[in-house]
Amino acid sequence: QVQLVESGGGLVQAGGSLRLSCAASGRTFSSYNMGWFRQAPGKERDFVAAITWSGGRTYYADSVKGRFTISRDNAKNTVYLQMNSLKPEDTAVYYCAADSSRVTTTPLWDSWGQGTQVTVSS
């Protein structure tokens, strides 16, 4: 498995932007599909975005399509989530996830980070 550490969360006003980063340990990062999920208080962990190991395909939840962009830099063992036009409903803990074999919108990935808080004020 790979160890994941998220960063970049914080407090931002509605309409603002944040970029989350997820740094992965290990030499095999480039073989992992990577994803971002989020969980608001009292709610389930929801899929946000994912990117295949090569970066060739990306996937987004309808709620963030056109506002969020997932990308990766395999040389830096890092995956990013650029979040623009943020809304109060984007407030949640954001988790990075890795899986060596699949991309799924369910929270059944192999490895998880500890999460980073994103709060969007109205």
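Bear in mind that the values here come from a model prediction, so they are computed numbers and not experimental data.

Rules used throughout
- Here the residue numbers are simple positions, counted from 1 along each chain's written sequence.
- Note on the predicted model: pLDDT of at least 70 is required for a residue's local features to be given, and 80 or more for side-chain atom pairs to be given and counted; whole-chain, interface and lining totals, by contrast, use all residues.
- Calculation of side-chain values draws on the structure's entire complement of heavy atoms; hydrogens and water are dropped beforehand.
- Think of it this way: any DSSP run of H or I at least four residues long counts as a helix, any run of E at least two long counts as a strand, and we number them from the N terminus.
- Here the radius of gyration uses the C-alpha set of atoms, whereas the globule reference equals 2.2 Å times the residue count to the power 0.38.
- Residue exposure (1.4 Å probe, protein chains only): buried if accessible area is under 20% of the type maximum, exposed if over 50%, otherwise partly exposed.
- Any two residues whose heavy atoms approach within 4.5 Å are treated as being in contact.
- In summary, the pairing rule links any two rings of Phe, Tyr or Trp, Trp by its six-membered ring, whose centres are within 6.5 Å, and it sorts them by plane angle into stacked for under 30 degrees, edge-to-face for over 60 and tilted for everything else.
- Whether a charge lies above a ring is judged from NZ of Lys or CZ of Arg, which has to be within 6 Å of the ring centre and within 35 degrees of the ring normal.
- Pairing between strands requires that DSSP locate at least two bridges from one strand to the other.
- Between the N-to-C directions of two axes lies an angle of 0 to 180 degrees, each axis being a line fitted to C-alpha atoms and, for a helix, fitted only over the stretch in contact.
- Any carboxyl oxygen of Asp or Glu that lies within 4 Å of a side-chain nitrogen of Lys or Arg is treated as forming a salt bridge with it.
- A pair of cysteine sulfur atoms is labelled a disulfide when the two atoms are within 2.5 Å.

Caption draft 1: Expanded view of the overall build of the protein chain. For the protein chain, the count of helices and strands is 0 helices and 11 strands. When the helices and strands of the protein chain are listed from N to C terminus, the series reads β-β-β-β-β-β-β-β-β-β-β. Expected size for 122 residues packed as a compact globule is a radius of gyration near 14 Å; at 13 Å, the protein chain falls within 12% of this value. Taken along the three principal axes of its C-alpha coordinates, the protein chain extends 40 × 25 × 25 Å. Counting across all 122 residues of the protein chain, residues that qualify as buried make up 43%. Taking the contacts inside the protein chain whose residues are at least 6 apart along the sequence as the reference set, 57% of them involve residues at least 24 apart.

Caption draft 2: Examining the packing of aromatic side chains more closely. Summed over the entire model, instances satisfying the criterion amount to 3 aromatic pairs. Note on Phe 37 and Trp 109: the rings are 5.9 Å apart at their centroids and 75 degrees apart in plane angle, and the pair reads as edge-to-face. With Phe 37 in strand β4 (residues 33-39) and Trp 109 in the loop between β9 (92-99) and β10 (111-112), this pair connects stretches of sequence that are 72 residues apart. Judged by its relative accessible area of 0%, Phe 37 falls in the buried class. Three or more aromatic residues link up through ring pairs in this structure, and these residues are Phe 37, Phe 47, Trp 109 and Trp 112. Above the face of the Tyr 95 ring, Arg 45 is positioned so that its terminal group lies 3.6 Å from the ring centre.

Caption draft 3: Local environment of the sheet that holds strand β7 (residues 68-73). If you walk across this open sheet you meet the 4 strands as β1-β3-β8-β7, and the pairing is antiparallel. A single partner strand is all that each edge strand has here, and the edge strands are β1 (4-7) and β7. For this sheet, the mean angle separating the axes of adjacent strands, direction not counted, is 15 degrees. With 6 bridges connecting them, β7 and strand β8 (residues 78-83) associate as antiparallel partners. Looking at β8, one finds that Asp 73 is bridged to Thr 78.

Caption draft 4: View of the pattern of salt bridges. Summed over the entire model, instances satisfying the criterion amount to 4 salt bridges. Between Lys 65 and Asp 62 there is a salt bridge whose closest N-O contact spans 3.2 Å. Take Asp 62: its relative accessible area is 68%, and that puts it in the exposed class. Between Arg 102 and Asp 99 there is a salt bridge, with its nearest N and O atoms 3.9 Å apart. By relative accessible area, which is 39% here, Arg 102 ends up partly exposed. A network of salt bridges, in which partner residues are shared, links Arg 38, Arg 67 and Asp 90.

Caption draft 5: Highlighting the state of the cysteines. A complete count under the given rule lists 1 disulfide for this structure. Note that Cys 22 is cross-linked by a disulfide to Cys 96, the S-S spacing being 2.1 Å. What sets the handedness of the Cys 22 and Cys 96 disulfide is the S-S torsion sign, and at about -80 degrees it is left-handed. Of this pair, Cys 22 sits in strand β3 (residues 18-24) while Cys 96 sits in strand β9, and the two are 74 residues apart along the sequence. Across this residue pair, the class does not change: Cys 22 and Cys 96 are buried.

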